[in-house]
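Now for the letters of each chain:
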Amino acid sequence: MSYSVVGQSVPRVDAREKVSGSAIYTGDMVLPHMLVGKVLRSPHAHAKIISIDTSKARSLPGVKVVLTYEDTPKIPWNSAGFPPSPGAILVEDQYILSDKARYVGDGIAAVAAVDEDTAIRALDLIEIEYEVLPALMTLERAMAAEAHLIHDAEKNIYGHTPVVIGDVEAGFAAADYVFEDTYYVPKVNQVSMEPCGVALAAPDRDGRVTIWTSTQMPHLVRRITAHALGLNIGQVRIIKPPVGGAFGSRLGVVNEPIAALLALKAGKPVMLKYTREEAFLATESRHPISMTLKTGVKKDGTFTARQLTSYIDGGAYATHTPSFAGPVAGWFLAMYKSPNIKVDNYSIYTNATQCGAFRGYGNPQVVFAVESQMDDIARKLGIDPLEFRLKNHPCAGEVWLWSGWAIESCGLEECMAKGAKAIGWSEKRNEGAGGNSRVTTGAAGTKKRGLGMGYMMHVSGARPMLHETSAAIVKINEDGGANLIYSNSDCGQGSGTALTQIAAEELGIPYEDLVMTKTADTDVSGFDIGSHASRQVYSGGNAVKGAAAVAKQKLLAMAAEMLQTPAEELVVEEGQVWVSHDPSKTLSVAEVAHAAHFGSHGHQIIGAISEEPAGNPPVYAAQFAEVEVDTETGVVEVLKVVAAHDVGTAINPAAVEGQIQGAVQQGIGYALTEEYRCDLETGRPLNPNLADYKILTSVDMPPVETILVQAASETGPFGAKSVGESGLVATAAAIANAVYDAIGIRFKELPITPEKVLAALHERKES
Amino acid sequence: MKIPISLQINGEMYQVQVPVQKTLLAVLREDLALTGTKNGCDSGECGACTVLMDGRPVNSCLILAVDAVGKQITTIEGIGGIAELDPIQEALVAHGAIQCGYCTPGLVMTAKALLDSNPHPTETEVREGIAGNLCRCTGYVKVVEAIMDVSRH
């Protein structure tokens, strides 16, 4: 199928304004009489608030508002931005400011003042007496019978998500081998370069409030903020300017309710901008999970039973966690076929900062565990790891347990074949080369090389678990150009560009002639769920394509009238309409649009739609890593990553590659360098900054070879599926498996730091 | 206490009254509305605030405004507007090396200083040159490709 602009790596619609520094992000904005907001944060991980005295702060010149829990609406809410669909579990346990300190950084009071210095001085003048309680920083301590309760709930374990298919005990009994392993993955932070948590709230007429905010989900932030403030939805307007990266951190409410309450109380605009430290301390990161996998397998490599028991550390507030446990089960269920499967996921409160969404939404955690164990199983059975995966994963036409629907398309086999070739799988892998032939380099052969791989599948949206509503309006202007009105929740991933391509392709006008709303504005565009679950191009793309199709139909009806030819015989491409069997009979789109506005008619050609897509086609990937382990220092160096991804039709291949390349950086960090740590006694964060929290720099990044496999979906726009999250899902597993290939040691806990490698090498030597 | 200073930015002189502890970054953004220079950490760790001082890249969050007196400061606004981009900026656009765009202005400034002093760097030199500019979107792949591409022309 050939297209005019779909499949082309056209420059991003916002590239020039971003590269020139002229793009205005939320934090760049200034409004007349704007105040600066600041939040006072608890220094204790767990403490009762005995008293708060704000009198000195209130009397400081320049201070306009001081708020504590007493000043907030007593309406509990949940910051998670997922849609309120049947099946979504919302535990509402948050207030705009807290009634009790539940983590180091919990917001206790807030001020608005004429400038930042005054606001900071005001925070210093607020006097709080705390009764410090034990900090429950680990799952074990939080789950202990005698543990203090973090919330008014019976236990700190507040959710259990069970799934049972068949009978796992019978399955284990029928197995030739049973593998049981426990894996642990740490807390990691999204680290968008624009620190998470920037909102500018301004009172509007009649008690309304307008909030410019760096968010992924304008309409859901409107909903949750209105609820938290006790307002009607129509009293809140959310505008989303360009966003400086999100990766899940802005999936839901961050600090919009505090900013809005300050602005409404002050009667003036308030800018509330979190520092980098606050972005670590007080916004949601990736869930740490302890996962126990039990797998029964026959000698021929077929599974008899698969079981996952996971303990999910959700931190101090529920946010996404109880609902997140569902996808965690989904990732596990859907990866491999087995007649018997059992999942038990437990959601647990601890005194850490609450967790939420981070690219992959539980899938990187699960895939690290599953693919590490699969590597062990394949080795034990002596089966080629690629064959082992291809034999057991569900493929096109089979039922996909994540959704319960048939799989529309699957390019995994091609991903495996091309990826393996690119990394040199059959030549370089130690087991593949006959075992024990590990490549060594370094002065005395102290650096050992290995290859590893991991497979993953991911979603295009979250149907049927959640509704995936999008709305689009396409209006053809009198000169033949068009506007696309859409709740543009692009946070940098490029969805705005891809949706512009889709609309132009469907409408049949040049890409340059179509302009999409550069922001999202809930007063302007129809309801859209936002950027989550890798959905924008698939779900949003279908709505955009649908709106363009309606506009095109009206355009052709008008042209049919002008050309005196049935509309079915007309074609529109590149801004020109002609009769398919007589191309000499032609009109430009501009002529038709002009006639609609000012000729025989008096209307604008507009197509509008609100819908959700028909499916949820899974995407697949095989990622391969080559590593070199320095057995003297313990350092694992990644020499190369090959990322072969089935994305469906790539609407903009360069943007698709960019998504994968950037995600791989995050995946390598997850494997080797990133961990947001705290003192286990006090709960104080140890590395809430970019010097001690290590993301990869340009010199740390290995070459990344991306391979795009385009197994088109049936239900996506022009066959598109998704790519936003999947690039990092299998990376840590591929690296851990490569480390095993290099030195024969299995790491079941991330990150694989030099200290852990050296300790493991030492332990092996001792034994 | 505020003191009056003159700053030379993008070839123009600006008179501002600043507290002595105010950083160059804060003065650029708050007093002069030059918001193309971004604040990613306020502590010299991310490079989003990179500007050129007498042609050398510096983290403007670590420079006091009073210490910038007498220096030639170049910000992203002094490099090329939307209509007339610098070749480095054109290459970043053409290679698809921009995603969220928040690190981009700082990266452009560092790349500019790098290529001004070393017009034909190796890939290793490019990677070392931009190592102080953190990016969370691109994995640096297309960024490095774009800078290498400019250096070849």
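Residues numbered from 1 in each chain as written. Chains lettered and ligands numbered in written order. Predicted model: local features only at pLDDT ≥ 70, side-chain atom pairs only at ≥ 80, totals over all residues.

### Regarding the overall build of chain B
Of regular secondary structure, chain B possesses five helices and five strands. Each helix and strand of chain B, placed in order from N terminus to C terminus, yields the pattern β-β-α-β-β-β-α-α-α-α. Its C-alpha atoms give chain B a radius of gyration of 15 Å, near enough to 15 Å, the size a compact globule of 153 residues would have. Dimensions of chain B along its principal axes, counting C-alpha atoms only, are 50 × 25 × 25 Å. Within chain B, the proportion of its 153 residues that are buried is 56%. Here the contacts in chain B between residues at least 6 apart in sequence split such that 57% fall between residues at least 24 apart. (Helix = DSSP H or I, 4+ residues; strand = E, 2+ residues; numbered from the N terminus. Rg over C-alpha atoms; globule rule 2.2 N^0.38 Å. Buried ≥ 20, exposed ≤ 12 C-beta atoms within 10 Å, placed from the backbone. Contact = placed C-beta atoms within 7 Å.)

### Some words on the packing of helix H10 (residues 363-381) of chain A against helix H11 (residues 385-392) of chain A
All names here are of chain A. Two elements in contact, H10 and H11, have axes whose closest approach is 9 Å; the angle formed by their N-to-C orientations is 110°. With respect to H11, the element H10 is oriented roughly perpendicular. Read as a crossing pair, H10 and H11 show a hand that is right-handed. The segment H10 lies against H11, with Met374, Asp375 and Ala378 engaging Pro385, Phe388 and Arg389. (Axes fitted to C-alpha atoms, helices over the stretch in contact; angles between N-to-C directions. Parallel < 35°, antiparallel > 145°, perpendicular 65-115°, else oblique. Left-handed = near helix turned anticlockwise from the far one by under 90°.)

### As for the packing of helix H2 (residues 87-94) of chain B against helix H5 (residues 141-151) of chain B
Residues and elements named next belong to chain B. In contact at an axis separation of 8 Å, H2 and H5 are set at 135° when each is read in the N-to-C sense. It follows that H2 is oblique to H5 by the angle criterion. Once H2 is placed against H5, the crossing between them reads as right-handed. For the pair formed by H2 and H5, the contact residues are Pro87, Ile88, Ala91 and Leu92 on the first element and Val143, Ala146, Ile147, Asp149 and Val150 on the second. Residues belonging to the contact of H2 with H5 are distributed by class as follows: eight nonpolar, no polar and one charged. (Nonpolar A, V, L, I, M, F, W, Y, C, P; charged D, E, K, R; others polar.)

### Regarding the interface of chain B and chain A
Contact with chain B, which involves 43 residues of that partner, is made by 45 residues of chain A. Sorting the residues of the side of chain B that touches chain A by element identifies H2, helix H3 (104-117), helix H4 (123-129) and H5 of chain B as the ones contributing at least two each. If you tally residues by element for the side of chain B that touches chain A, the top one is H2 of chain B, at four residues. Taken together, the residues that form the side of chain B that touches chain A break down as 23 nonpolar, 13 polar and seven charged.

### Digging into the domain arrangement of chain B
Residues and elements named next belong to chain B. Domain annotation for chain B reports domain 1 (2-78) and domain 2 (87-151). On a C-alpha basis, the centroid separation for the pair domain 1 and domain 2 is 21 Å. Contact with domain 1, which involves 15 residues of that partner, is made by 12 residues of domain 2. No other element matches strand E3 (residues 50-53), which puts three residues into the side of domain 1 that touches domain 2. When its residues are assigned to classes, the side of domain 1 that touches domain 2 shows seven nonpolar, six polar and two charged. (Domains from an automatic or database assignment.)

### Here we look at the sheet that holds strand E1 (residues 2-9) of chain B
All names here are of chain B. The strand order across the open sheet formed by five strands is E2-E1-E5-E3-E4, and the pairing between neighbours is mixed. The strands lining the two open edges of the sheet, one partner per strand, are strand E2 (12-19) and strand E4 (56-59). On average, each strand axis in the sheet is inclined to that of its neighbour by 45°, with strand direction left out of account. Sheet topology note: the E1/E2 ladder contains eight bridges and is antiparallel. Its bridge partner being in E2, Leu7 is matched across the sheet by Tyr14. Of the strands in this sheet, E3 and E4 touch H3, which is tilted by about 35° from E3. (Pairing = 2+ DSSP bridges.)

### Thoughts on helix H1 (residues 24-31) of chain B
All names here are of chain B. In terms of burial, H1 is a largely internal element, six of the eight residues being buried. Residues of H1 that are buried: Leu24, Leu25, Ala26, Val27, Leu28 and Arg29. Ala33, located one to two residues past H1, shows a positive phi value of around 55°.

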